[in-house]
Amino acid sequence: MPADPLSPPPPEAPYFDPAAGAWVLSRYADVLAAFRELRLWPIGQRGEDQHSVRDETGKLRARGEMLDAVSPAKVAPWQSQMEELAENAVRQLPRDRPVDLLGEFAQPWCLSLAMLVTGADPADREKLAALAREVFAGTGQPADSPVRARAAEATAEMERTFNARISRMGEPAMVGVSQTLPRMLANTWVALLRHPAEWARLGSRPDLMPGAVEELLRYAGIVPALFRRAVEDVELAGVRIRQGEQVHLMVASANRDPEQFPEPDRLDVTRRMSAHMTLGNGRNSCVGAMLIRMAAGVTTAALLEGFADAALAGAVEWRSGSGFCWPAAVYVVRSS
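Residues numbered from 1 in each chain as written. Predicted model: local features only at pLDDT ≥ 70, side-chain atom pairs only at ≥ 80, totals over all residues. Heavy atoms only, no water.

(A) Representation of a negative patch on the surface. A contiguous patch of negative charge, built from E83, E84, E87 and E305, is present on the exposed surface. For the negative patch, the leading source of residues is helix α3 (residues 72-92), giving 3 residues. Relative to the helices and strands, E83 resides in helix α3. E83 sits in the partly exposed class, given a relative accessible area of 31%. (Patch = residues over 30% accessible without salt bridge, like charges linked within 9 Å, V, L, I, M, F, W, Y side chains within 5 Å. Areas by Shrake-Rupley, 256 points an atom, 1.4 Å probe, with all protein chains shown as cover. Salt bridge = Lys/Arg side-chain N within 4 Å of Asp/Glu carboxyl O. Lys, Arg positive; Asp, Glu negative; His and termini not counted. Charge placed at Lys NZ, Arg CZ, Asp CG, Glu CD. Helix = DSSP H or I, 4+ residues; strand = E, 2+ residues; numbered from the N terminus. Buried < 20%, exposed > 50% of the residue type's maximum accessible area, 1.4 Å probe, protein only.)

See the structure below:
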């Protein structure tokens, strides 16, 4: 079982890890510099190259189309629809037993959001959900893995289902919104529920939500690390990284750097935030950042309204894969 991602190692000076065969950067300033360094090329967790989806600067080739798909003009009208859906979903959750906020709330809600974002046919909802689960399960698996093979088949089937009538972004948007996003939300809710005083404070002060979302993303991001390979020799953070060497960017640790975030291990929904690393930076920033922030604010507000007296029911079991770390379930009980 993976380590608790809400307790990452503290940041430290850069070092070379012989076991991983990579330089490890974990201080905020070092990770930020690496994000901005064009000679550090994005790679997968297993070292796989990403030239097929990146241009010569490392920027996603389809970034413009993706940004258009989740532009402010499109996200804003979705918010009111998703608020109503979240409020209704919370009201319908049972009160007489522990409730899994991931499986019973986040995943169905995020699937509805994915259908809205992609413009998919409602009749394809369950089919697309099943295909997206297959794709998510296969991401990051070895090339010869049967799970990877099933994921490739699911990707092809999903692309055929979407076809050109929607956009070529239908498949990645469906997977990201219906699979990755609910797990990210689950991380933030575990963090908030572990801090009952902050849960209560945010529930009584809804005006704090925009800043609280940033704090929750800083404290409980789903991506512990990102990976790079030097395409040329690079001098960075006081070390010389040779061409071909890999670099591990410890995002979660950078988000706990006391040089950037006073009392970094304390969750504080009133924190005045300076930029965290959870959603990347610059050319490698998350194209769905606005959608993620909207989703986190809408769903968390609905939970605080309908589950004001919620508490975690037992220990959390963590899962990892595809470069992510998330709770297998988020069971809560209510005292009333």
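Here the narrative resumes.
(B) Molecular detail of the sheet that holds strand β12 (residues 331-334). The antiparallel open sheet is built from 3 strands, whose spatial order is β4-β12-β9. Of all strands in the sheet, those bounded by a partner on one side alone are β4 (99-100) and β9 (310-312). Here β9 runs beside β12; their pairing, made up of 3 bridges, is antiparallel. Across the sheet, the residue bridging to A311 is V333, located in β12. (Pairing = 2+ DSSP bridges.)

(C) Here's a closer look at the environment of S7. Position of S7 relative to the elements: it lies in the segment before β1 (15-17). With relative accessibility at 52%, the residue S7 sits in the exposed group. In this structure the C-alpha to C-alpha distance between S7 and A329, which are 322 residues apart in sequence, comes to 18 Å.

(D) Geometry of the sheet that holds strand β8 (residues 246-249). Strand order across the open sheet formed by 5 strands is β1-β2-β8-β5-β3, with mixed pairing between neighbours. Single-partner strands in this sheet number two, and they are β1 and β3 (40-43). If you compare each strand with its neighbour and ignore which way they point, the axes differ by 35° on average. Sheet topology note: the strand β5 (residues 226-230)/β8 ladder contains 4 bridges and is antiparallel. Bridge assignment links F227 to a residue of β8, and that residue is H248. (Axes fitted to C-alpha atoms, helices over the stretch in contact; angles between N-to-C directions.)

(E) Representation of the state of the cysteines in the model. For the structure shown, the criterion picks out 0 disulfides. Cysteine C110 shares no disulfide, and the gap to the nearest cysteine sulfur, in C286, comes to 13 Å. With a relative accessible area of 0%, C110 lands in the buried category. Unpaired in this structure, C325 has its nearest cysteine sulfur neighbour in C110, at a distance of 18 Å. Residue classification places C325 among the buried positions, given a relative accessible area of 5%. (Disulfide = S-S within 2.5 Å.)

(F) Focus on helix α1 (residues 28-36). Of the positions making up α1, those classed as buried are Y28, D30, V31, L32, A34 and F35. In this structure, the buried residues of α1 make contact with β2 (22-25), β3, β5, β6 (234-236), β8 and α10 (251-254). (Contact = heavy atoms within 4.5 Å.)

(G) Summary view of the pattern of salt bridges. Under the definition given, this model contains 21 salt bridges. Among the ionic pairs, R27 bridges to D30, the shortest N-O distance being 2.7 Å. R27 sits in the partly exposed class, given a relative accessible area of 31%. Of the residues examined, D30 reaches a relative accessible area of 7% and is grouped as buried. Between R266 and E263 there is a salt bridge whose closest N-O contact spans 3.3 Å. Given the relative accessible area of 36%, R266 is considered partly exposed. What emerges from the salt-bridge pattern is a single network uniting E198, R201, E263, R266 and D268.

(H) Local environment of the side chain of T188. Tracing the backbone shows T188 in helix α7 (residues 170-193). T188 gets classed as buried once you look at its relative accessible area, which sits at 3%. A polar side-chain atom of T188 sits 2.7 Å from the main-chain carbonyl oxygen of L185. Ignoring any residue separated from it by four or fewer positions in sequence, one finds T188 in contact with L216 and A220. (Polar contact = N/O pair within 3.5 Å; in protein donor to acceptor, adjacent residues only side chain to side chain.)

(I) The environment of N255, seen in detail. In this fold, N255 is placed in the loop between α10 and α11 (289-306). N255 sits 21 residues away from H276 along the chain, and the two C-alpha atoms are 5.9 Å apart. Contacts of N255, omitting those with residues within four sequence positions, involve L217, R218, F261, H276, M277 and T278. Within the structure, N255 has its side chain in polar contact with the side chain of T278 (distance 2.9 Å).

(J) Representation of the side chain of E215 within the structure. Within the element layout of this structure, E215 appears in helix α9 (residues 209-219). On the basis of relative accessibility, which here comes to 0%, the residue E215 falls in the buried class. Among the polar contacts made by the side chain of E215, one reaches the main-chain amide nitrogen of D268 at a distance of 2.8 Å. At 3.0 Å, the side chain of E215 forms a polar contact with the side chain of R271. Excluding residues within four positions of it along the chain, E215 makes contact with R266, L267, D268, V269, R271 and M273.

Bear in mind that shape data such as this cannot, by itself, settle questions of function.
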